[in-house]
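Summary of the model geometry
Given next are the chains, with one letter for each unit.
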Amino acid sequence: MQNKRVAIVTGAARGIGLAIARRLHDDGCAVALADVDIERARSEAASIGEGAMPLDLDVTDPDACERGVAEVIGRFGSLDVLVNNAGIGGNAHSVDGYSVDMWRRVMAINLDGVFHCCRAVLPHMLERGTGWIVNVASIAGKEGNPNMCAYSASKAGVIGFTKSLGKEVAQKGVIVNCITPAVIETEILMQLNQQAVDYMVSRIPMGRTGKPEEVAAMVSWLSSPECSFTTGGVFDISGGRATY
Ligand code: NAI
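Below or above, wherever it landed, is the structure these notes cover. (Residues numbered from 1 in each chain as written. Predicted model: local features only at pLDDT ≥ 70, side-chain atom pairs only at ≥ 80, totals over all residues. Heavy atoms only, no water.)

Some remarks on the side chain of S220
Along the chain, S220 falls in helix α8 (residues 212-222). Residue classification places S220 among the buried residues on the basis of a relative accessible area of 8%. Ignoring any residue separated from it by four or fewer positions in sequence, one finds S220 in contact with R23, L24 and D27. (Helix = DSSP H or I, 4+ residues; strand = E, 2+ residues; numbered from the N terminus. Buried < 20%, exposed > 50% of the residue type's maximum accessible area, 1.4 Å probe, protein only. Contact = heavy atoms within 4.5 Å.)

Description of the packing of aromatic side chains
Within the structure shown, the criterion is met by 2 aromatic pairs. Judged by centre distance (6.5 Å) and plane angle (85°), the rings of F115 and F161 are edge-to-face. Of this pair, F115 sits in helix α4 (residues 100-128) while F161 sits in helix α6 (residues 149-168); the two residues are 46 residues apart in sequence, bridging distant segments of the chain. In this structure, R5 is placed above the aromatic ring of W132, and the distance from its NZ or CZ to the ring centre is 5.6 Å. Sitting above the plane of the Y244 ring, K142 keeps its charged end 4.6 Å from the centroid. (Phe/Tyr/Trp six-rings, centres within 6.5 Å; stacked < 30°, edge-to-face > 60°. Lys NZ or Arg CZ within 6 Å of the ring centre and 35° of its normal.)

Considerations on the pairing of strand β5 (residues 131-136)
Across the 6 residues of β5, 6 count as buried, placing the element largely inside the fold. Across the two faces of β5 the burial is the same, with G131, I133 and N135 and W132, V134 and V136 all buried. When strand β4 (residues 81-84) meets β5, the two strands line up parallel, connected through 4 bridges. Bridge pairing in β5 links L82 to I133. (Pairing = 2+ DSSP bridges.)

Describing the environment of R208
Examined against the element boundaries, R208 turns out to sit in the loop between α7 (194-202) and α8. R208 sits in the partly exposed class, given a relative accessible area of 34%. Each C-alpha atom of the pair R208 and I184 lies 9.0 Å from the other, and the pair is 24 residues apart in sequence. Of the polar contacts made by the side chain of R208, one reaches the side chain of E214; its length is 2.9 Å. (Polar contact = N/O pair within 3.5 Å; in protein donor to acceptor, adjacent residues only side chain to side chain.)

Structure follows, in structure tokens:
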């Protein structure tokens with residue numbers, strides 16, 4: 001087990017995170033499925049099999065992130081990959097009247113959570129002089145989706161954070177990138193109304209939603225040793241919606 005690459009994927013109990021966890025396991029990684037929904041993380045880890053562990057983690061809690069990272073290193077011996085995937089959509093509403101509590105909740109999970117997890121893994125990665133971090137942002141962070149102010153702002157924050165950290169550790173062996181998916185078919189879409197989903201699909205030249213497995217394929221390379229001269233980057237996976 002010592003020589004296996006080891007990954008933590010947050011928000012891995014379902015959707016994109018689960019597809020990433022499965023893919024990294026197929027790639028030969030030991031993988032921790034970190035999620036607040038520990039029951040589902042447990043059953044998905046069991047179905048993946050040996051080399052997969054559930055991790056009870058709320059990314060909004062910085063101490064819990066440090067404990068979680070220590071638990072994974074204790075179990076598998078080291079940590080090579082962090083995929084910051086946990087996120088929520090918040091509700092679709094105009095800025096006037098947008099709930100202050102919802103704004104704070106979206107920021108706490110989507111943006112603070114990325115910071116907390118990176119902060120927790122970096123001492124270990126920097127000490128070893130190796131590591132790959134992939135942050136799941138969104139096309140909304142590049143373009144801004146109407147009536148999704150908190151979500152769009154939080155994901156723009158993730159893009160800026162990725163660029164900053166990528167440069168900060170560029171000479172220290174740690175590779176940091178983010179991805180910007182357009183609409184991917186997962187349960188998160190249930191948080192939005194049909195109008196918001198239709199708007200997002202209508203902007204995709206391929207005219208369809210993406211699949212979690214398509215996102216996982218991109219993350220697979222970004223978190224592998226083959227990704228060695230690319231950092232601070234923003235990778236489009238939007239069916240042609242963003243060509244920049
Ligand atoms: P999902 O709703 O299917 O899964 C999200 C997972 O995150 C859930 O298992 C949930 O329990 C977990 N989670 C929520 N709060 C958490 C917390 N505080 N700590 C730990 N885990 C927590 O969502 P989906 O669609 O798989 O999204 C994954 C990521 O991809 C999110 O960051 C989302 O913003 C991003 N994304 C999704 C798109 C889509 O169309 N589905 C498009 C662009 C980005």
